[in-house]
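A closer look at the structure
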Amino acid sequence: DGGEINIWVHVLAGAKAGPTLLLLGVQHGDEWGEVEFFRRVVRDTDVTTLSGTLLIIPVASPTALGTLTRLTQWSADGPDMNRLWPGSFNWIAEQIARKISQEVLPKVDALLDFHFGMWGNTLGLMTYGADFPDPKVNEAVRNLAFAYGHPILHRVNVVGGYPGPRSVMGYAGLKCGIPGAAADVGGMGFGVEYENKLHDLNQKGVRNVMRYLGMLPGKPDLPDRFLDYTVNHRVDPSKGGLLIPAREPDEILREVKKGEVLARVVSPYTFEELEQLVSPCDGVLNLVPRTYMVRPGDWAFFVADTTQPDSKWVSAPF
Ligand SMILES: [Zn+2]
């Protein structure tokens, strides 16, 4: 209708000079739990102790948020905003990505791109790319991912595979030399206490990264070991219905065995069992659902495969 779309950028300018860290959220409108997290970060950040600048874009796609859907605009070449950076056409998501690419990214030294689980799911992994052509970018990206302090690190070929060279972290690393990682630790629908715990964990993650970058005094407070892994199995329903986890509440970081029943799907009409979801390997859960209504292919479990030879428990590289 010719109306404007505003992209709000919070600028938390520190008392001293230093690097600029961008926190980017809600490229996917159904992951709106990130908004409360960013509100807390803005509320709790004391700029008098900060060296450098914290930039926060709580909602990258107001259009997707408005419809509470993953996609910004269904009838577009690239409706998923995290697959089209820096934007080439004039679809809404592409115009937004272009604006952020032109006006914000040039000011940024490091990027955290947030993807919480949508209602009914909790995600629990950091995703980082390891196939940038510039080895310095790879090293900076890897360090950034470890600095967050979440112990489950999915090492992906971001340029050659998932989520691709036109995801924001793919584009930032490949074309701008900006190290970025995806903070996929959060969810909704699990009760206030657990969600507060996840918010605290993410606040600690952001503080850890700011310490690592020299924006806050001190060193990151890190776990002794991290699972640095390559293969994440997506265990999702092939049938729609009511998904009932075998354990409720289930928890991210729980170790599971090959063949373990993780959940079942029952008919919402007859309550008969339609399907069992089974872990395909020994591994660690990094996406868990609560009881909720699913469509075929919907979000249920991620299992980090601990049996792969290139997946190891390691300590931080710095
Ligand atoms: Zn997302």
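From a predicted model like this one, the values you see are computed outputs, not experimental measurements.

A short note on the domain arrangement of the chain
Here the chain is partitioned into domain 1 (10–213) and domain 2 (232–311). Averaged C-alpha coordinates put domain 1 and domain 2 at centres separated by 26 Å. Facing the 19 residues of domain 1 at the interface are 15 residues of domain 2. Taken together, the connections running from domain 1 to domain 2 amount to zero salt bridges. Between the two partners, domain 1 and domain 2, sit six residue pairs in polar contact (both at pLDDT 80 or more). For the side of domain 1 that touches domain 2, the elements supplying multiple residues, two or more each, are β5 (121–129), β6 (152–156) and α6 (192–213). Ranked by residue count, the leading element in the side of domain 1 that touches domain 2 is β5, at five residues.

Remarks on unusual backbone geometry
Backbone geometry follows two general trends: most residues other than glycine have a negative phi, and most peptide bonds adopt the trans configuration. A cis amide bond links Trp85 with the next residue in sequence, Pro86, at an omega value of 5 degrees. With respect to the helices, strands and loops of the structure, Pro86 is situated in the loop between α2 (62–67) and α3 (92–103). Here the bond from Glu248 into Pro249 is cis, since omega is 0 degrees, no more than 30 degrees from zero. Unlike most non-glycine residues, Leu253 shows phi in positive territory, near 80 degrees. Looking at the element boundaries, Leu253 is found in the loop between β10 (241–245) and β11 (255–256). In this structure, Phe271 takes a positive phi of about 70 degrees despite not being glycine. When you line up the elements, Phe271 lands in the loop between β12 (261–266) and β13 (273–278). When its relative accessible area of 63% is taken as the criterion, Phe271 is described as exposed.

Considering the pattern of salt bridges
What the rule picks out here adds up to 15 salt bridges. In this structure, the salt-bridge partner of Glu31 is Arg70, at a minimum N-O distance of 3.8 Å. Note that Glu31 is positioned in the loop between β2 (16–24) and α1 (33–44) and Arg70 in the loop between α2 and α3, a separation of 39 residues in sequence. On the accessibility criterion, Glu31 (4% relative accessible area) is buried.

Some details on the sheet that holds β13
Taken together, the four strands give an open sheet; going across it, the order is β13-β12-β10-β15, and neighbouring strands pair in antiparallel fashion. Two strands bound the open sheet, and with one partner strand each, they are β13 and β15 (292–294). Ignoring which end each strand starts from, the neighbouring axes of this sheet average 30 degrees apart. Taken together, the five bridges between β12 and β13 define a ladder with antiparallel strand orientation. Across the sheet, residue Val265 finds its bridge partner in β13, namely Glu275.

A closer look at the packing of aromatic side chains
For the coordinates displayed, the defined rule picks out ten aromatic pairs. Plain terms: the ring middles of Phe38 and Phe114 are 5.2 Å apart, the flat faces sit at 85 degrees to each other, and that makes the pair edge-to-face. In this pair, Phe38 sits in helix α1 while Phe114 sits in strand β4 (residues 110–114), placing the two residues 76 residues apart along the sequence. In this structure, Phe38 and Phe114 share a single accessibility class: buried. Note on Tyr212 and Phe318: the rings are 4.7 Å apart at their centroids and 45 degrees apart in plane angle, and the pair reads as tilted. You can see Tyr212 sitting in helix α6 and its partner Phe318 sitting in the segment after β17 (312–314), a full 106 residues away along the chain. On the basis of relative accessibility, which here comes to 40%, the residue Phe318 falls in the partly exposed class. Of the aromatic side chains, those joined through ring pairs into one cluster are Phe37, Phe38, Phe114, Phe116 and Tyr148. If you follow Arg225 out to its NZ or CZ, it ends over the ring of Trp313, 3.7 Å from the centre.

Conventions used here
- Residues numbered from 1 in each chain as written.
- Predicted model: local features only at pLDDT ≥ 70, side-chain atom pairs only at ≥ 80, totals over all residues.
- Heavy atoms only, no water.
- Domains from an automatic or database assignment.
- Contact = heavy atoms within 4.5 Å.
- Salt bridge = Lys/Arg side-chain N within 4 Å of Asp/Glu carboxyl O.
- Polar contact = N/O pair within 3.5 Å; in protein donor to acceptor, adjacent residues only side chain to side chain.
- Helix = DSSP H or I, 4+ residues; strand = E, 2+ residues; numbered from the N terminus.
- Buried < 20%, exposed > 50% of the residue type's maximum accessible area, 1.4 Å probe, protein only.
- Pairing = 2+ DSSP bridges.
- Axes fitted to C-alpha atoms, helices over the stretch in contact; angles between N-to-C directions.
- Phe/Tyr/Trp six-rings, centres within 6.5 Å; stacked < 30°, edge-to-face > 60°.
- Lys NZ or Arg CZ within 6 Å of the ring centre and 35° of its normal.

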